[in-house]
Amino acid sequence: MTSFDVPGARLAAEYSDEHGRPVVQLHGLTSSRARDRVLDLDLGRGLSGTRLLRYDARGHGFSTGRAVPDDYRWPNLADDLLRLLDHWFPGEQVHGVGPSMGTGTLLHAAVREPGRFSGLTLMVPPTAWATRIAKAAEYRAAATLIEERGLEEFLAAGEGAVAPPATVEHPPTRPDVPEALLPSLFRGAAASDLPALGEIARIDVPVTVLAWIDDPSHPVSTAEELSRTLPRATLSVARTPQDVQEWPSVLLRDVAG
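Criteria and thresholds
- Residues numbered from 1 in each chain as written.
- Predicted model: local features only at pLDDT ≥ 70, side-chain atom pairs only at ≥ 80, totals over all residues.
- Heavy atoms only, no water.
- Axes fitted to C-alpha atoms, helices over the stretch in contact; angles between N-to-C directions.
- Helix = DSSP H or I, 4+ residues; strand = E, 2+ residues; numbered from the N terminus.
- Parallel < 35°, antiparallel > 145°, perpendicular 65-115°, else oblique.
- Left-handed = near helix turned anticlockwise from the far one by under 90°.
- Contact = heavy atoms within 4.5 Å.
- Core = buried A, V, L, I, M, F, W, Y, C linked by side-chain atoms within 4.5 Å.
- Buried < 20%, exposed > 50% of the residue type's maximum accessible area, 1.4 Å probe, protein only.
- Salt bridge = Lys/Arg side-chain N within 4 Å of Asp/Glu carboxyl O.
- Phe/Tyr/Trp six-rings, centres within 6.5 Å; stacked < 30°, edge-to-face > 60°.
- Pairing = 2+ DSSP bridges.
- Right-handed = clockwise from strand over helix to strand, strands pointing away.

Peer 1: Looking at this structure, how should I read the packing of helix α4 (residues 132-149) against helix α6 (residues 182-190)?
Peer 2: Between two packed helices, both the angle of their axes relative to each other and the distance between the axes serve to describe the pair. Viewed as axis vectors pointing N to C, α4 and α6 meet at an angle of 165 degrees, and their least axial separation amounts to 8 Å. Our classification of the angle between α4 and α6 gives roughly antiparallel. Viewed along their axes, α4 and α6 form a crossing whose handedness is left-handed. Where α4 approaches α6, its residues Arg132, Ala136, Tyr139, Arg140, Ala142, Ala143, Thr144, Ile146 and Glu147 are matched on the opposing element by Leu182, Pro183, Phe186, Arg187, Ala189 and Ala190.

Here you go:
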């Protein structure tokens, strides 16, 4: 593991160099490289013959961060991503893969520097545009609950939630984030959204959108809108854990293609 300094944080990263195409792998909100492996969202485990960069976003996993909500807005996370790419893959086009917040980060980076990416594999895109309003309110309420009553009360409040069918075999996990930073992460997420559809329509690279059913935080409607808007997108929707097990092979094909 190595570290990389960005304004306000030190990012923990790992780089596997097998002398092939460059790939960068991101994770979702409150997750990390380690937690995504438990959740079967570590698609990079199926890759070989690539140069794979995986990292923990600021405030997550082994990366540091500040209790500053604006630091965790997706455009600022895209700044971090582009700095990492400039360091590890200067002047190269990179294939990007990541779920949820990672999808948001990748899209903001691709809108800003469309020539930076050879392709994208976008996993479980989050609530966006019209559906983002209610989710943002949930995030702000979660931040207040953690500040006033602590992390354990927040976790207890979510125990009755029904898991999406594609995730029922996963063990329970906890946020891989220091409790003191969680409110800032949630407020940063509440202040974030995917880029406007007109901007997304200019991302002219091959994109695979991977969604799963019955997850209000990652509705199929977002994935469908992305697949309609992106000029070169395909959509696949998982309904079972077995469907998700196929996702690493999808990434392998995306990178090879």
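Peer 1: What am I meant to see in the nonpolar core here?
Peer 2: Generally speaking, a soluble globular protein has its nonpolar side chains buried in company with each other. If you look at the biggest cluster of nonpolar residues, it comprises 55 residues, and the most contacted ones within it are Leu81 and Leu120. When residues of this core are assigned to their parent elements, the largest contribution, 8 residues, is made by helix α2 (residues 74-88). If we skip the residues at most four places from it in the chain, Leu81 touches Val24, Leu26, Tyr55, Thr105, Leu106, Ala109 and Phe117. Met123, Leu210, Trp212 and Val244 belong to the second largest nonpolar core, which has 18 residues in total.

Peer 1: I'm lost on the pattern of salt bridges in this one. Help?
Peer 2: Side chains that differ in sign of charge can pair as their charged atoms come close. Summed over the entire model, instances satisfying the criterion amount to 20 salt bridges. The salt bridge involving Arg116 is made with Asp86; its shortest N-O contact spans 2.9 Å. Here the residue Arg116 occupies a position in the loop between α3 (101-112) and β6 (117-123), and Asp86 occupies one in helix α2, the gap between them amounting to 30 residues. The buried category is assigned to Arg116, whose relative accessible area is 7%. Two residues, Glu152 and Arg174, come together in a salt bridge whose shortest N-O distance is 2.7 Å. With a gap of 22 residues between them, Glu152 in helix α5 (residues 151-157) and Arg174 in the loop between α5 and α6 connect regions that are remote in the sequence.

Peer 1: Can you walk me through the packing of aromatic side chains in this structure?
Peer 2: Here the distance between the centres and the angle between the planes together describe a pair of aromatic rings. Tallying each qualifying case throughout the model produces 6 aromatic pairs. With a centroid separation of 6.4 Å and an interplanar angle of 55 degrees, the aromatic rings of Tyr15 and Trp88 are classed as tilted. In this pair, Tyr15 is assigned in strand β2 (residues 9-17) and Trp88 in helix α2, connecting sequence segments 73 residues apart. Joined through ring pairs, the aromatic side chains of Phe4, Tyr15, Trp88 and Phe89 make up one cluster.

Peer 1: For this particular structure, what's the right way to read the sheet that holds strand β7 (residues 207-212)?
Peer 2: Strand pairing within a sheet occurs via backbone hydrogen bonds; the two strands may be parallel or antiparallel. Taken in spatial order, the 8 strands of this open sheet run β1-β2-β4-β3-β5-β6-β7-β8, and their pairing is mixed. Across the chains shown, the open sheet's two edge strands, defined by having one partner strand only, are β1 (2-6) and β8 (233-238). Each adjacent strand pair in this sheet contributes to an overall mean axis angle of 20 degrees, direction not counted. In this sheet, strand β5 (residues 94-99) lies alongside strand β3 (residues 21-25) in parallel orientation, the contact comprising 3 bridges. Across the sheet, Val24 pairs through a bridge with Gly96, a residue of β5. Across the sheet, α3 is in contact with β4 (50-55), β5 and β6; its angle to β6 comes to roughly 155 degrees.

Peer 1: Looking at this structure, how should I read the pairing of β3?
Peer 2: Put simply, side chains in a regular strand alternate between the two faces of the sheet. Summarising burial for β3: 4 of the 5 residues are buried, a large majority. Where β3 meets β4, 5 bridges bridge the pair, whose relative direction is parallel. Along β4, the bridge assignment pairs Val23 with Leu52. The parallel pair β3 and β4 is bridged by helix α1 (residues 33-38), and the resulting crossover is right-handed.

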